[in-house]
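In case you want the letters, here they are:
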Amino acid sequence: MEKKRLLKGTESIGESAIRSGCTAFYGYPVPTQSDLLEFLAGRETETPGFSVYQSEDPQSAFFMAYGAAAAGGRVMTAVNSIDVPDCIRAVSYFSAADLPLVCVVISQNGPGTGNIYPAQSDTLSLLGGTRLGDGFAPILTPATPSDMAAATYRAFQLAEGHQMPVIILVDAACAQLVETVDFSTVGYREIPARRTPIRGKRGNPKTSLTTLELDIEKMADRKARLEAKKAALLEETPLFKMDDAGDDDAPLLVAFGIAAVQARRAMDALKGEGIACRLFEPLALFPFPEAAFREALEKAGRLFILDMSDGQFDAVIEKYIPESVSVFNFYTTGGAVPRVEQIQSWLQQEIASSH
Amino acid sequence: MDLKFEQIAGFPKSLSETPQHFCPGCTHGVNTRLLAEAIDAMQVSETIVGVCGVGCSALLPDYLDIDMVAAPPGQALSVASGLAHEIGDSGLVFAYVGEGDLYGRGMSTLMHTAIRGEALSVFCANNLNTGMSGGHMSPTSLVGQKTASTPEGKSAVKYGIPIDFTRLLTDIPKTSFIARFKGFTAGDIKKGREYIKRSLLVQKYQRGFTFVEILGICPTNLEMPPTKAVQWVKASTSGIYPSGILKTPEMGRIQ
Ligand code: SF4
């Protein structure tokens, strides 16, 4: 396989999935995520042991994946914002059944059918929704095609390692970013399967996989097992990027996805004008890289939050922000990506007035 | 004189000894046994995987001594398809699902699974109501039938006239063996056992989508003693849900 390829975000996820040993992709075509289905369908014939299936609806894609995972498959699905409820329901079932799944969610603009422009308005529904019935799933938030390749491999490692569903959340703008991805930097190794697949008894005692549990104590045991898994997940290396162009007390920006990409561009432009900022980019919303964020905040008197929703990201991070820190927000909604000049002048103004 | 005995009946190997939760007189018990007998007769207990739907069939994994996966509402055939994709020719996959689950929430999935021609044997337990939920109207409930959600009887004006869903499947090119039986008399049950076996056989050697509907009773929700429930179902469904083979791989659509 070629080391480097020029790919857009969704394609990089697809390519990385194949390199991570994905055996089946179950997809349903909806704008903003269907190019992943197209890309993988194009790779199917040349990739032995890998299949692509288009389902009749997103829900069926998840549950075909559920059956395939039960039989030992390493599966992936994708939805856009409109089908987040299907994703949440699936996370609940995969969590209860201890089955691995990687689900890509491409965020577009709502509510309702909305439009196909990018947004970051699925943050709270995914963070809260994946807790349905006390289930949970890691939510990774890579922004660039290179980060998406790494996040996809990480997602399969987490899914197989902990036997759990994992979400890769990407906004519709990042999904279309194009760059040369150097897959040799990801460091793929064979991910060991950790489960006895359900394929008929074949000489062993029978296996039953059900999420129905009528016994209250046994149900409590299941929840305790999930809690233990969550604790083990929180021990994993936190995922974030820190761009340190200034001193510790320089203004701190926090953003993920396309907002982080644009923030980084604005920072570069401001550097030329002698204004140095730092950027904290979480590469996961759950588990959130809390310790690193708190550390970055320690000396920062001012925090600049960029987000493409009506403040959903604020709601996620506000609990980590000490009262002594002044917080400034920049939201774009409706599907507009914050422009570099907008961010630049916002930062210039706020930095000048808050000195 | 030496007498040689040959066992011709007994407790099916693939039936577990776990006491079943089904109400007295319920035909789910008969169906479960028939599945076990067919699995034994086909000698596939080591390579078969079963999928059950929700409701009264959801505890099937406890009653059959084979690998089983329980599916969420409406999604039994998606789960079964995924299993079949991974397992391929090395095993068999069947699904046992109630009609409320399969013809209601699962209708779109049923049609598309059949259209794709997934290598599955699907068994639908049709007892004219959604049993486990407490006897509510299902897609096959008859016009005038009193259920928990149609206390005055199912209204044709409001809900239309139920159709023979099994027959719908016969028009789909990639379905191969389709049949229906009533699980009531010894004769019916004998025929039914053959249908279940044949459906597994077709799947094993021809890899097609096979479908057998088992018309049964839910005496609890019909609020009738089992014998009366049998009489009522027989009398009121004969023109709507006829028994027999509807399609075979050799002859195509028969009925
Ligand atoms: S509720 Fe009806 S279908 Fe369910 S076990 Fe009882 S009799 Fe059988």
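For clarity, every value in this text was computed on a predicted model and none was experimentally measured.

Some points on the domain arrangement of chain A
All names here are of chain A. Split into domains, chain A comes out as domain 1 (5-234) and domain 2 (241-354). The distance between the C-alpha centroids of domain 1 and domain 2 comes to 29 Å. Facing the 30 residues of domain 1 at the interface are 22 residues of domain 2. Together, the buried faces of domain 1 and domain 2 total about 2000 Å²; carbon and sulfur atoms form 64% of this surface. Viewed at the interface, domain 2 and domain 1 are joined by 1 salt bridge. Across the pair Lys241 and Asp147 runs a salt bridge whose closest N-O atoms are separated by 2.6 Å. On the surface where domain 1 and domain 2 come into contact, there are 14 residue pairs in polar contact (both at pLDDT 80 or more).

A word on the nonpolar core
Side chains of a nonpolar character, in soluble globular proteins, are inclined to be buried together. In this structure, A:Tyr66, A:Phe293, A:Ile317, B:Leu83 and B:Phe211 are the most contacted members of the largest nonpolar core, which totals 82 residues. The biggest single contributor to this core is helix H3 (residues 58-70) of chain A, with 9 residues. Formed jointly, this core draws a minimum of three residues from each of two domains, domain 1 (5-234) and domain 2 (241-354) of chain A. Dropping the residues within four chain positions of it, B:Leu83 is found in contact with A:Gly67, A:Ala68, A:Ala70, A:Ala71, A:Ile198, B:Val49, B:Val51, B:Val69 and B:Val93. Within the second largest apolar cluster, 47 residues are counted, among which are A:Phe25, A:Phe136, A:Phe156 and A:Met164.

What about helix H5 (residues 107-116) of chain B?
All names here are of chain B. The set of residues buried in H5 consists of Met107, Thr109, Leu110, Thr113 and Ala114. Looking straight down H5, one finds that the buried residues subtend no more than 165° of arc, so they occupy a single side. In the stretch just after H5, Gly117 is the one whose phi turns positive, near 70°.

Re the sheet that holds strand S10 (residues 208-209) of chain A
Spatially, the 9 strands line up as an open sheet ordered S10(A)-S2(B)-S1(B)-S3(B)-S4(B)-S6(B)-S5(B)-S7(B)-S8(B), and their pairing is mixed. Each having just a single partner strand, S10 of chain A together with strand S8 (252-253) of chain B make up the two edges of the open sheet. As paired elements, S10(A) and strand S2 (residues 67-70) of chain B share 2 bridges and run parallel to each other. Residue pairing for S2(B): A:Leu209 is matched across the bridge by B:Val69.

As for the sheet that holds strand S15 (residues 302-307) of chain A
All names here are of chain A. Reading across from one edge, S11-S13-S12-S15-S16 is the order of the 5 strands in this open sheet, with mixed pairing throughout. Only two strands of the sheet have a single partner each, and these edge strands are strand S11 (240-244) and strand S16 (326-331). Averaged over neighbouring strand pairs, the angle between their axes works out to 20° when direction is ignored. For S15 and S16, the ladder comprises 6 bridges, and the chain directions are parallel. When the bridges of S16 are listed, Leu303 appears paired with Val327. Strands in contact with helix H11 (residues 340-353) are strand S12 (252-254), S15 and S16; relative to S15, the strand with the most contacts, it is inclined by about 155°.

So, how was this worked out
Positions within a chain are numbered from 1, following the residues in the order the chain's sequence is written. All chains are assigned letters beginning at A, and all ligands numbers beginning at 1, according to the order in which they are written. Per-residue local features are limited, in this predicted model, to residues with pLDDT of at least 70; the limit for side-chain atom pairs, both in listing and counting, is 80 or more; totals at the level of whole chains, interfaces and linings are taken over all residues. The basis for every side-chain value is the complete set of non-hydrogen atoms in the structure, without hydrogens or water. For each domain, the first and last residues come from an automatic or database assignment. Any two residues having at least one pair of non-hydrogen atoms within 4.5 Å are treated as being in contact. Accessible area, probed at 1.4 Å, shrinks when two parts are joined; the buried area is that loss added up over both. Basic side-chain nitrogens of Lys or Arg form a salt bridge, by our definition, when they fall within 4 Å of a carboxyl oxygen of Asp or Glu. Polar contacts, as counted here, are pairs of nitrogen or oxygen atoms within 3.5 Å of one another; within protein the pair requires one atom able to donate a hydrogen and one able to accept it, and residues that are adjacent in sequence qualify only if both atoms are side-chain atoms. By nonpolar core we mean a set of buried residues, namely Ala, Val, Leu, Ile, Met, Phe, Trp, Tyr and Cys, connected to one another through side-chain atoms within 4.5 Å. Three exposure classes are used, based on accessible area relative to the maximum for each residue type with a 1.4 Å probe and protein chains only: buried under 20%, partly exposed in between, and exposed over 50%. We count a stretch as a helix when DSSP gives it H or I for four or more residues in a row; a strand needs E for two or more, and each element gets its number in order from the N terminus. The directions from the helix axis to the C-beta atoms form the arc being described. Paired strands are those between which DSSP finds at least two bridges. Between N-to-C directions, angles span 0 to 180 degrees; the directions come from axes that are lines fitted to C-alpha atoms, helices contributing only their stretch in contact.

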